[in-house]
Each structure stands twice: as C-alpha cells, then as structure tokens.
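Chains, contacts and geometry: an overview
Chain by chain, the residues:
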Amino acid sequence: MLELSNVTRRFGKNTAVDSVTVSIPQGQMVGIIGRSGAGKSTLLRMINRLIDPSEGDIRFGEKQVSALKGRDLRDWQRDCAMIFQQFNLVPRLNVLTNVLLGRLNHRNTILNLLNIFTPEERAQALLALERLGIEQTALQRAGTLSGGQQQRVAIARALMQNPKVILADEPIASLDPLNAQIVMDSLKDINERDGITVVTNLHTLDTARTYCERVIGMYQGRVVFDGPSSALTREAVRQIYGSQDNAEISEAITSTSIKQSSTQPSAPVTPMPAQQIASPA
Ligand SMILES: Nc1ncnc2c1ncn2[C@@H]1O[C@H](COP(=O)(O)OP(=O)(O)OP(=O)(O)O)[C@@H](O)[C@H]1O
Ligand SMILES: [Mg+2]
C-alpha cells in the first residue's frame, strides 16, 4: 500500500501540490489527470523522491518514504521505477545496455564502473525486450529508434529494476496513436500479470478511462476527484478541468486519438471491472 497523507509541495509562494491524501493498494492501475500545472508531475516526483515534500508524509508499507536517506533512498528509487515522456535513454548506447542500466541500483560500484553485466542479467534484459516486442533492436543505438520503440525500451529498463511500483509521467504524450496504444497496453499487461502498481499521469481523459481502474483528478494542486473511471461524470470532469461559465467541457481538450471500440459514456451508472474497460480492440 502506497499512502500519501497531506502531502504538500510549495515552490516559493506557489503551492504546486496542496495537501494530497490518497492510499493506493498494491497492484492498482491509477491514472492522474488534470490541466497543465495542476501538480501531476510534482506529485509523482515526490513519490519517487526526485523532489521532497514541503509537508506531509509518504509511506509504502512499513517504509516512511518521505524520511528515507542514502542507501535506503536508493533502494526505494529502485523499487519505484519512473518512466518519462521523453524516455530518458542514453541515445549513443545500444538498446540492451540501456535496459541493463536498470540493474545499476542492484549492484556494487565496482561492477558498475567496469560495466560488467552477468549472463543472467543479459538474458533478463533480452527477455524484457522480447516481452515488449522489440528484441530485434537489442544491438541498435537507442537514439536511432522511433519514439514508441524508445518508450518500450524505457519500460524494459524499468522492469529490470524488479520494481513494486511504476510511476509514468505522461508516457504517451509524445507518441502517435498506435504507439500510444502499444505503450499503454504494455503498462496494463505489466500491472495485471506482475501485480506491479502503476501510477500514470495522463493528459487525456479517454486514455485514463480506458486503461485505469481508478482515476485521480487534480485541480490547482488538490485532488478534486478520486474514484473508478466509471464514476467520472460530466460534472466531475468539469471540476477537474475547470468550468468556464458552465460551458460544456470539450472532450477535445481532454481527448487523445487512441480510439477504442469500447469508449465509455461520460456518466455510466454502474462501475465496471477494470478488465472490461482495459482491453482495446
Ligand atoms: N522546479 C520548479 N520550480 C518552480 N515551480 C515549479 C517547479 N516544478 C513545478 N513548478 C510549478 O508547480 C506547478 C505544478 O507543476 P507540475 O509540473 O507538477 O504540473 P503538471 O500537472 O505536471 O502540468 P503538465 O500537465 O503541464 O505537465 C506549476 O505551477 C509549475 O509551474
Ligand atoms: Mg507534468
């Protein structure tokens, strides 16, 4: 269980994240949505401790994440892999080496300095690439891959960390619709088959609806919606994205071009199990 209690982050006078309290059980797939500047990235970065909360408490099971230091903090950052919009690979290294870099926090410094990976680690890296359907790119320089392939390499690298949680910050924002779907399907598969908690920021509402059993909506640093995606009514969406003179919220500003055959209506009456909404045609 990942638990945030009254987590706040201020930058000067600006409160980016304002007293957020949420509990995420192990194995959930959670989408965080909200306008630009709502605090989504800041929230993920605090969970991973790339930045520190100004106030509040973050716990993972027995671990008080917000108080970790040194070795314990590195262990947490290994357990809690991060995926970014811009992939963050080393472009001049080949794909296999990029994936092996996910092992760094598992190993001692000497082995890392000498860049020695064991045959088992190489086999694990190849398996991860195979799982993502890009094993044929293993010896290619990462920088020569398409965006969709690079994001899959980043996911394979995350898997090499044997994480308990994957945090993804707009993982599909730079991708075309087909690659966006492949990447989201991969994250969903990892979530369902490996029981890894996935928390992902998404700039589009319909992706959150399609893939995430639970959606957290943020507005100006605060959580204004937290529930199953089936409970995202028009009114809830208005609160998350902000209403303008009660004008109809345009799905266009919250919409991606991942087209699903099972697009959900705005206000379904009964919640649906995640599996039913999670499998694109
Ligand atoms: N390092 C920083 N220094 C100062 N202000 C920051 C910093 N990081 C974020 N902010 C501010 O905090 C607020 C929340 O930013 P954040 O990046 O978390 O939003 P977001 O919801 O991820 O937006 P987007 O959808 O554009 O990625 C914004 O007002 C932003 O300007
Ligand atoms: Mg962001």
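Residues numbered from 1 in each chain as written. Chains lettered and ligands numbered in written order. Predicted model: local features only at pLDDT ≥ 70, side-chain atom pairs only at ≥ 80, totals over all residues.

Details of helix α5 (residues 119–131)
- For α5, built from 13 residues, the straight-helix expectation of 18 Å at 1.5 Å per residue is met to within 8% by its first-to-last C-alpha distance of 18 Å.
- Taken residue by residue, α5 has Gln124, Ala125, Ala128 and Leu129 as its buried positions. Mapping the buried residues of α5 onto a view down its axis gives an arc of 140°, with all of them on the same face. What points out from α5, more than 90 degrees from its buried face, is the exposed set Pro119, Glu120 and Ala123.
- Buried positions along α5 lie against α3 (95–100) and α6 (147–160).
- Backbone geometry just downstream of α5 places Gly133 in the positive-phi region, at approximately 75°. (Helix = DSSP H or I, 4+ residues; strand = E, 2+ residues; numbered from the N terminus. Expected span 1.5 Å × (residues − 1). Buried ≥ 20, exposed ≤ 12 C-beta atoms within 10 Å, placed from the backbone. Arc of directions from axis to C-beta. Contact = placed C-beta atoms within 7 Å.)

With respect to the site of ligand 1
- In the vicinity of ligand 1, the contacting residues are Phe11, Asn14, Ala16, Gly34, Ser36, Gly37, Ala38, Gly39, Lys40, Ser41, Thr42 and His203.
- Of the residues in the shell around ligand 1, the class split is three nonpolar, eight polar and one charged. (Near = placed C-beta within 6 Å. Nonpolar A, V, L, I, M, F, W, Y, C, P; charged D, E, K, R; others polar.)

So, the confidence of the model for the chain
- This prediction gives the chain a mean pLDDT of 86; 83% of its residues lie at or above 70.
- This model gives residues 255–281 a pLDDT under 50, and the stretch forms 45 contacts once residues within four places in sequence are excluded. (pLDDT = per-residue confidence, 0-100.)

Focus on the nonpolar core
- Counting 70 residues, the largest nonpolar core has Val99, Val153, Ala156, Ile166 and Leu167 as its most contacted members.
- Among residues more than four places away in sequence, those in contact with Ala156 are Val99, Ala128, Leu129 and Leu132. (Core = buried A, V, L, I, M, F, W, Y, C linked by C-beta atoms within 7 Å.)

Observations concerning the sheet that holds strand β9 (residues 214–219)
- Strands sit in the order β6-β7-β8-β3-β9-β10 across an open sheet of six strands; the sheet is mixed. The open sheet is flanked by β6 (80–84) and β10 (222–228), the only strands paired with a single partner. Strand-to-strand twist in this sheet, taken as the mean axis angle between neighbours without regard to direction, amounts to 15°.
- Both β9 and β10 contribute to a ladder of six bridges, which runs antiparallel. (Pairing = 2+ DSSP bridges. Axes fitted to C-alpha atoms, helices over the stretch in contact; angles between N-to-C directions.)

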